[in-house]
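Read off the chains here:
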Amino acid sequence: MTRGKWGGAAASSRRGRLAPLLLARVLNVVWFGLATVCGVGLVIMAVLLAVSARPHVSLDLPVFFVLEPGAYHLESHDPGIGSAVITHAAGRAAFTIPAGFGWVALAVVAVLVVFVLFVLHQLRRLSATVAAGRPFTPDNAVRVRLIGIAVIVGEAGRAVLEWTISLWLRGHFAAAGINLDTVFAPRVEVLLIGVVIMLLAEILRLGTRLQEDHDLTI
Amino acid sequence: MAITVHLDRLLAERGLTLTELADRVGMTLANLSILKTNKARAIRFSTLTALCRELDCQPGDLLGYVPESHEVAEH
């Protein structure tokens, strides 16, 4: 009877670990796939930049605009509703730059790739320990904290990058009625998610101590 | 470590090995080793009962208290 009870518990535990095991496998495939594709892509881009005789390279960047009031508006077909004034817009700017700037763009892309791979690697190692049934380890607490820090730093970095690009574009392009939005605006909700992840890391660290106590209770 | 486990002395007095004791009390050698090397954080009454039964001793024979200052002085 006892053996049956424990056997059932073990089977239930194995079933419970199926999802983390699957996630660990998927993350492994995604990480190695992304690392390979990005690595090869970066090398190809670097080689093309090095051997290309073209004096310019093309860039296509996301941009945000502030429109002068009244410059653009939407007319309503309904007489009861007035026209809508467009004040902000998002879009993409495609242009060519001297080839030398291509190396700067490539370096930025390389940093982004390394950053994403780093976060995915932490998730990969984390999911592997969950799949193994031992998530309460000091290493995992550090990993979760690193992910939280990465989310905050990543969002701040994204905002700085957008702001820098907007400033650069504003210095080089102009159009009547349209101004490039150059406000430094990290998304508060993403920063909050980072803080929540760091809080969960602290809970995991405490959980690790409890696990240690449990393991050393004979 | 304020609380010490005198498993070494009791085993020697009774001519037992750690492996034999582990078999008798139904514990793993790894857990008994943690206890012997004073690395355990806590001990269950059930473990204490099994050890006292097999070693034919009282909990007081198995456990001792060393004030922290003495421990530092000894080191």
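Residues numbered from 1 in each chain as written. Chains lettered and ligands numbered in written order. Predicted model: local features only at pLDDT ≥ 70, side-chain atom pairs only at ≥ 80, totals over all residues. Heavy atoms only, no water.

Novice: Account for the packing of helix α2 (residues 18-25) of chain B against helix α4 (residues 45-55) of chain B, naming residues and giving values.
Specialist: All names here are of chain B. α4 packs onto α2 with a crossing angle of 115 degrees between their chain directions and a minimal axis gap of 10 Å. Where α2 crosses over α4, the two elements pack in a sense that is right-handed. Residue-level contacts link Leu21, Arg24 and Val25 of α2 to Ala50, Leu51, Arg53, Glu54 and Leu55 of α4. Each residue belonging to the contact of α2 with α4 can be placed in one class, and the counts come to five nonpolar, no polar and three charged. (Axes fitted to C-alpha atoms, helices over the stretch in contact; angles between N-to-C directions. Helix = DSSP H or I, 4+ residues; strand = E, 2+ residues; numbered from the N terminus. Left-handed = near helix turned anticlockwise from the far one by under 90°. Contact = heavy atoms within 4.5 Å. Nonpolar A, V, L, I, M, F, W, Y, C, P; charged D, E, K, R; others polar.)

Novice: Explain α2 of chain B to me, and be specific about the residues and the numbers.
Specialist: All names here are of chain B. Within the span of α2, buried status applies to Leu18, Leu21, Ala22 and Val25. Down the axis of α2, the buried side of the element spans an arc of 105 degrees, and every buried residue falls inside it. In the segment just after α2, Gly26 is the residue with positive phi, at about 75 degrees. (Buried < 20%, exposed > 50% of the residue type's maximum accessible area, 1.4 Å probe, protein only. Arc of directions from axis to C-beta.)

Novice: Any chance you could break down the sheet that holds strand β5 (residues 178-180) of chain A for me, citing the residues and the numbers?
Specialist: All names here are of chain A. If you trace the three strands from one edge of the open sheet to the other, you get β4-β1-β5, paired in antiparallel fashion. Looking at the sheet topology across the chains shown, the edges are occupied by β4 (88-98) and β5. Looking at each pair of strands side by side, their axes are set apart by 45 degrees on average, direction ignored. In this sheet, β5 lies alongside strand β1 (residues 56-67) in antiparallel orientation, the contact comprising three bridges. Across the sheet, the residue bridging to Leu67 is Ile178, located in β5. Packing of helix α3 (residues 99-131) onto the sheet brings it into contact with β1 and β4, and relative to β4 it is tilted by some 125 degrees. (Pairing = 2+ DSSP bridges.)

Novice: If you had to explain the interface of chain B and chain A to someone new, which residues and values would you point to?
Specialist: By a widely used convention, the size of an interface equals the accessible area lost when the partners come together. Tallying the contact residues gives eleven residues for chain B and six residues for chain A. Overall, the association of chain B and chain A removes approximately 780 Å² of surface from exposure, summing both partners, and the carbon and sulfur fraction of that is 53%. A per-residue breakdown of the area chain B buries against chain A is headed by Arg41, Ala42 and Arg44 of chain B, which together make up 64% of the total. Our count for the contact surface shared by chain B and chain A stands at two salt bridges. (Buried area = accessible area lost by both parts, 1.4 Å probe. Salt bridge = Lys/Arg side-chain N within 4 Å of Asp/Glu carboxyl O.)

Novice: Outline the packing of α3 of chain A against helix α4 (residues 138-172) of chain A, supporting the account with residue identities and numerical values.
Specialist: All names here are of chain A. Running from amino to carboxyl end, α3 crosses α4 at an angle of 160 degrees, the nearest separation of the two axes being 10 Å. The angle between α3 and α4 places the two elements in the roughly antiparallel class. For α3 against α4, the interelement crossing comes out left-handed. From α3, Phe101, Val108, Leu112, Phe115, Phe118, Val119, Gln122, Leu123, Arg125, Leu126 and Thr129 reach across to α4, where they touch Asn140, Arg143, Val144, Leu146, Ile147, Ala150, Gly154, Leu161 and Trp168. A breakdown of the residues in the contact of α3 with α4 according to their chemical character gives 14 nonpolar, four polar and two charged. (Parallel < 35°, antiparallel > 145°, perpendicular 65-115°, else oblique.)

Novice: Please provide a residue-by-residue account of the confidence of the model for chain A, values included.
Specialist: Chain-level statistics for chain A give a pLDDT mean of 85 and a share of 92% at 70 or above. Mean pLDDT per element in chain A: helix α1 (residues 2-16) of chain A is the minimum at 56, and helix α5 (residues 188-215) of chain A is the maximum at 93. (pLDDT = per-residue confidence, 0-100.)

Novice: If you had to explain the packing of aromatic side chains to someone new, which residues and values would you point to?
Specialist: Residue and element names in this part refer to chain A. This structure, assessed with the given rule, holds five aromatic pairs over all chains. Between Trp163 and Phe184, the ring centres sit 6.3 Å apart and the planes meet at 75 degrees, which makes this aromatic pair edge-to-face. Taken together, the positions of Trp163 in helix α4 and Phe184 in the loop between β5 and α5 put the pair 21 residues apart, joining distant regions of the chain. Here the aromatic cluster, defined as three or more aromatic residues joined through ring pairs, consists of Phe95, Phe101, Trp168 and Phe173. (Phe/Tyr/Trp six-rings, centres within 6.5 Å; stacked < 30°, edge-to-face > 60°.)

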